[in-house]
Amino acid sequence: MGLKLSKEDFDACLAQMSADYDIYAPVRMAGGNPFSDTDCIRYGKIESIEEVVFEEKSNYSYKEVLLPLSETLFYFTENQVKEADGKEKGGIIFLRSCDLHAVKRMDDIYLENGFEDYYYKRLREKVKFVLMGCKESFKNCFCVSMNTNACSDYDLAVEPAEDGYLLDCKADAWQDIFTATGEPTAYEPSCVKENSVKVSIPDSLTAEVAKSEMWREYDGRCVNCGRCNFACPTCTCFTMQDIFYTDNGKAGERRRVQASCMVDGFTDVAGGGCYRSKNGDRMRFKVLHKVLDYKQRFGYHMCVGCGRCDDICPEYISFSGIVNKLDQAMTEVETDE
């Protein structure tokens, strides 16, 4: 059984929840695009349900909340180290089914990958998720092919309706907040049934496809800007930066900063070496990580089919298009051998 709330009642519920949580959702930011002064839909704090953009796909994912672009881990002086304080409040994140599936991928990397990342864990434990129902597919989405179009592992589900909002609350701590003003009604979160873009990942795919000549196409097409990585909800790479304060060169802070496997310098090593200097080799690494070796480790694909990499690429390179070439590439490699 679901509930229906008016905009005013929903905002009153958000106000109660904001005492314990910072609430994040995709919002329209004027001039907020990091690559230009154009408008952008990305995650920010909200106070009203009307601020949430339901009718369009966000340019960037929830990742900017759960894995900050730049995060101070600790401060240091000559003889002392102080851990940076964690957030006092918990977090509530509005996100779509594909992104909610992406959270599981991020948990695998940071919590189930041989050790638990302390800084990620302390933030993750205080976060709850609100599923945004998707009534229809957006451009470049292929979530149905990746089996991420529906999800039931949420604390709250919500979507706009006539004269209000429909919701399903699973979090016990929030039941009284919403039932106090909500009108009971039948509600199941909407999910996409079909995408115009379809992807087929070969069951026979192996690392041998790395030998294919298909990757050479991207030596020239890709400009190694890294946009695809920063927009992707499952890319988790980071680098470390030690920042020394100008007023005291012996004190500073260490920051974890999001990084990209597609940009220059990512695979540089001591002595001047570089493991993947060609853009095609970087594309090969990224694609096979998403649809091959991650599955070999965890049992399912890393990519969730949100299509943001296709949306944001300045060279119109289609990730879904590359994946659909893998079957032919495997056949060519096997024939050559």
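Structure: above.
Rules used in this analysis
- Residues numbered from 1 in each chain as written.
- Predicted model: local features only at pLDDT ≥ 70, side-chain atom pairs only at ≥ 80, totals over all residues.
- Heavy atoms only, no water.
- Helix = DSSP H or I, 4+ residues; strand = E, 2+ residues; numbered from the N terminus.
- Buried < 20%, exposed > 50% of the residue type's maximum accessible area, 1.4 Å probe, protein only.
- Pairing = 2+ DSSP bridges.
- Axes fitted to C-alpha atoms, helices over the stretch in contact; angles between N-to-C directions.
- Phe/Tyr/Trp six-rings, centres within 6.5 Å; stacked < 30°, edge-to-face > 60°.
- Core = buried A, V, L, I, M, F, W, Y, C linked by side-chain atoms within 4.5 Å.
- Contact = heavy atoms within 4.5 Å.
- Salt bridge = Lys/Arg side-chain N within 4 Å of Asp/Glu carboxyl O.
- Expected span 1.5 Å × (residues − 1).
- Bend = angle between axes of the 7 residues up to and from the residue.

(A) Broad picture of unusual backbone geometry. Non-glycine residue Asn140 carries a positive phi angle of around 70°. Its location among the elements puts Asn140 in the loop between strand E7 (127-132) and strand E8 (156-161). The phi dihedral of Tyr316 is positive, around 60°, even though this residue is not glycine. Secondary-structure assignment places Tyr316 in the loop between helix H9 (308-312) and helix H10 (319-323). By relative accessible area, Tyr316 is classed as exposed at 71%.

(B) Summary view of the sheet that holds strand E6 (residues 90-95). Reading across the sheet, the eight strands line up as E3-E2-E6-E7-E8-E9-E1-E10 and stay open at both edges, with mixed pairing between neighbours. For this open sheet the edge positions go to strand E3 (40-45) and strand E10 (183-185), each flanked by a neighbour on one side alone. When the angles between neighbouring strand axes are averaged without regard to direction, this sheet yields 30°. Two elements, strand E1 (residues 2-5) and strand E9 (residues 164-169), share three bridges in a ladder whose sense is antiparallel. If you follow Leu5 over to E9, its bridge partner there is Tyr165.

(C) Here's a closer look at the packing of aromatic side chains. Evaluation of the coordinates by the stated rule reveals ten aromatic pairs. Measuring from ring centre to ring centre gives 6.4 Å for Tyr110 and Phe238, while their planes differ by 20°; the resulting arrangement is stacked. Highlighted residues: Tyr110 in helix H3 (residues 97-111) and Phe238 in strand E11 (residues 238-245), separated in sequence by 128 residues. What makes Tyr110 buried here is its relative accessible area of 4%. The class for Phe238 is partly exposed, based on a relative accessible area of 34%. Their ring planes at 40° and their centres at 4.6 Å tell us that Tyr294 and Phe298 sit as a pair that is tilted. Note that Tyr294 and Phe298 are positioned in helix H8 (residues 279-298) at a spacing of four residues, about one turn of the helix.

(D) Spatial organisation of the nonpolar core. In terms of nonpolar packing, the biggest core is built from 31 residues, with Tyr62, Leu66, Ile93, Leu95 and Leu100 touching the most fellow members. Put simply, the parts of the chain that give this core at least two residues each are helix H2 (63-66), E6, H3, helix H4 (118-124), E7 and H8. For this core, the element with the highest residue contribution is H3, accounting for eight residues. If we ignore the near neighbours within four places in the chain, the residues touching Ile93 are Tyr24, Tyr43, Tyr62, Val65, Val127, Lys128, Phe129 and Val130. The next biggest cluster of nonpolar side chains, apart from the first, holds 28 residues, and it includes Met146, Cys313, Val323 and Ala329.

(E) Expanded view of the pattern of salt bridges. The tally for this structure, following the rule as stated, stands at 25 salt bridges. Among the salt bridges present, the one from Lys57 reaches Asp311, with a minimum N-O distance of 2.7 Å. With a gap of 254 residues between them, Lys57 in the loop between E3 and H2 and Asp311 in helix H9 connect regions that are remote in the sequence. Since its relative accessible area comes to 13%, Lys57 is described here as buried. Look at the salt bridges and you will find they share partners, linking Arg216, Asp219, Asp281 and Arg284 into a network.

(F) Layout of H8. Taking 1.5 Å of rise per residue, 20 residues should cover 28 Å, and H8 covers 27 Å from first to last C-alpha, within 8% of that figure. Taking the largest bend as the criterion, H8 deviates by roughly 55°, centred on His289. Just beyond H8, the residue with positive phi is Gly299, at close to 100°.

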